[in-house]
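Chain and residue survey
What follows is each chain in one-letter form.
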Amino acid sequence: MQRIVQLQHNAPAQLLRLLFHDCFIRGCDASVLLADSNENGTHVEREAIPNRTLKGFDIIDMIKDEIEEKCPGIVSCSDILVLATRDGIALAGGLYYPVLTGRRDSKESFFDEAMPEISRPDGNITETLKLFSLRGFDERETVALLGGHNIGKIGCEFIRPRLSNFMGTGLPDPTIPFDFLEELMRKCPDDNSTINNMLNEHIARGLSESAMSYSQGLSALSSVGTSFDNHY
């Protein structure tokens, strides 16, 4: 992961999103990695609309290939995804946390569940809380999990309606503070397709002490929403 993150600074964000989309449907079983149709010919999860923009599959494939050379048939893809994500977060400045292993990979993928049950980027707070509560998370835990969005990027198409045509009014969302609205509009003009994580531009920092100890001095990550902290 050190080598991967050095070459691809947005890898932690890609893996974190990939892990969430996997775990939110039937648990962390690597079912989102399955590319071929199920045995009965039905679609697989990665073909569902919420999953079509997922990235990081190539990273898991790369790690899996290396591990198979050392100990073939032992380590599951689901364990690899969980561990690689944990290490990526630590390398991006987040805390290192212990992870138990022993997961088994699913042979089936769940397209019909992924379509309606993964929270949408433009979903409101009521919808989001309901989806997380169905999996046993309370409001505080839901907010903590959503905090993973402090790294990575978001498409401007999910933000523009609130900046210029909130609920069809032709005006910005009145709940957005004016200075933050100005910042969003600069970041997401009409001719721009992506918006970098805004907060990280102001608070970009190196790795935390725990992550630096873990990464043995890996160079600090600072751009393109790659620094993990608690400012979300």
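Going by an unreviewed UniProt entry, the protein carries the name Peroxidase 48 and comes from Nicotiana tabacum.

Moving on: helix H4 (residues 77–91). With 15 residues, H4 ought to run about 21 Å at 1.5 Å a step, and its terminal C-alpha atoms sit 21 Å apart, in line with that. Downstream of H4 by one or two residues, Gly-93 has phi in the positive range, about 110 degrees.

Between helix H2 (residues 11–23) and helix H3 (residues 57–70), the least distance of the axes is 9 Å, while the angle of their chain directions is 95 degrees. With respect to each other, H2 and H3 are oriented roughly perpendicular. Of the residues in H3, those in contact with Ala-11, Gln-14, Leu-15 and Leu-18 of H2 are Phe-57, Ile-59 and Ile-60. Considered class by class, the residues forming the contact of H2 with H3 number 6 nonpolar, 1 polar and no charged.

Our focus in this paragraph is the pattern of salt bridges. This structure, assessed with the given rule, holds 8 salt bridges. Between Arg-3 and Glu-66 there is a salt bridge, with the nearest N and O atoms lying 2.7 Å from each other. Of the two residues, Arg-3 sits in helix H1 (residues 2–7) while Glu-66 sits in helix H3, which places them 63 residues apart along the sequence. Taking relative accessible area as the criterion, Arg-3 reaches 49% and is therefore assigned partly exposed. Arg-86 is paired through a salt bridge with Asp-87; the nearest N and O atoms lie 2.5 Å apart.

Here the focus is the state of the cysteines. Inspection of the entire model under this criterion finds 2 disulfides. Two residues, Cys-156 and Cys-188, share a disulfide whose sulfurs are 1.9 Å apart. Of this pair, Cys-156 sits in the loop between strand S1 (153–155) and helix H8 (160–164) while Cys-188 sits in the loop between helix H9 (178–187) and strand S2 (194–196); the two residues are 32 residues apart in sequence, bridging distant segments of the chain. The connectivity of the disulfide-linked cysteines in the protein, indexed sequentially, is 1-2, 3-4.

We note that Arg-26 has phi near 65 degrees; this positive angle belongs to a residue other than glycine. Tracing the chain through its elements places Arg-26 in the loop between H2 and H3. Notably, Ala-30 is not glycine yet its phi reads approximately 65 degrees, a positive angle. For Ala-30, the location among the structural elements is in the loop between H2 and H3.

Attention shifts here to the packing of H2 against H4. Look at H2 against H4: their axes get within 9 Å of each other, and the N-to-C directions meet at 140 degrees. In this view, H2 runs oblique relative to H4, as classed from their interaxial angle. Between H2 and H4 the crossing geometry is left-handed. Together, Pro-12, Leu-15, Leu-16, Leu-18, Leu-19 and Asp-22 of H2 and Leu-81, Val-82, Ala-84, Thr-85, Gly-88 and Ile-89 of H4 make up the contact between the two elements. In the contact of H2 with H4, the residues fall into 9 nonpolar, 2 polar and 1 charged.

With that settled, the discussion passes to the nonpolar core. Generally speaking, nonpolar side chains in soluble globular proteins are found buried as a group. The biggest cluster of nonpolar side chains holds 22 residues, and the ones touching the most others in it are Met-1, Leu-15, Leu-18, Leu-33, Ile-60 and Ile-63. The set of elements that each furnish at least two residues to this core consists of H1, H2, H3 and H4. Per-element accounting of this core gives the leading share, 6 residues, to H4. Ile-60 has contacts with Leu-15, Leu-18, Leu-33, Ile-80, Leu-81 and Ala-84, leaving out every residue within four places of it along the chain.

Our next topic: a negative patch on the surface. Among the surface-exposed residues, Asp-58, Asp-61, Asp-65 and Glu-69 lie close enough to one another that they form a single negatively charged patch. Inspection of the secondary structure puts Asp-65 in helix H3.

Right, let's get into the packing of aromatic side chains. According to the stated counting rule, one finds 4 aromatic pairs in the structure shown. Considering the side-chain rings of Phe-20 and Phe-132, the 6.0 Å spacing of their centres and the 20 degrees angle between planes classify their relative orientation as stacked. You can see Phe-20 sitting in helix H2 and its partner Phe-132 sitting in helix H6 (residues 125–133), a full 112 residues away along the chain. Taking the relative accessible area as the measure of exposure, Phe-20 reaches 28% and is therefore partly exposed. Classification of Phe-132 by relative accessible area gives buried; the value is 1%. Ring pairing ties together the aromatic residues Phe-20, Phe-24, Phe-132 and Phe-137, which thus form one cluster. Directly above the ring of Phe-110 sits Arg-26, whose terminal nitrogen or CZ lies 4.2 Å from the centroid.

Criteria and cut-off values
Residues numbered from 1 in each chain as written. Predicted model: local features only at pLDDT ≥ 70, side-chain atom pairs only at ≥ 80, totals over all residues. Heavy atoms only, no water. Helix = DSSP H or I, 4+ residues; strand = E, 2+ residues; numbered from the N terminus. Expected span 1.5 Å × (residues − 1). Axes fitted to C-alpha atoms, helices over the stretch in contact; angles between N-to-C directions. Parallel < 35°, antiparallel > 145°, perpendicular 65-115°, else oblique. Contact = heavy atoms within 4.5 Å. Nonpolar A, V, L, I, M, F, W, Y, C, P; charged D, E, K, R; others polar. Salt bridge = Lys/Arg side-chain N within 4 Å of Asp/Glu carboxyl O. Buried < 20%, exposed > 50% of the residue type's maximum accessible area, 1.4 Å probe, protein only. Disulfide = S-S within 2.5 Å. Left-handed = near helix turned anticlockwise from the far one by under 90°. Core = buried A, V, L, I, M, F, W, Y, C linked by side-chain atoms within 4.5 Å. Patch = residues over 30% accessible without salt bridge, like charges linked within 9 Å, V, L, I, M, F, W, Y side chains within 5 Å. Areas by Shrake-Rupley, 256 points an atom, 1.4 Å probe, with all protein chains shown as cover. Lys, Arg positive; Asp, Glu negative; His and termini not counted. Charge placed at Lys NZ, Arg CZ, Asp CG, Glu CD. Phe/Tyr/Trp six-rings, centres within 6.5 Å; stacked < 30°, edge-to-face > 60°. Lys NZ or Arg CZ within 6 Å of the ring centre and 35° of its normal.

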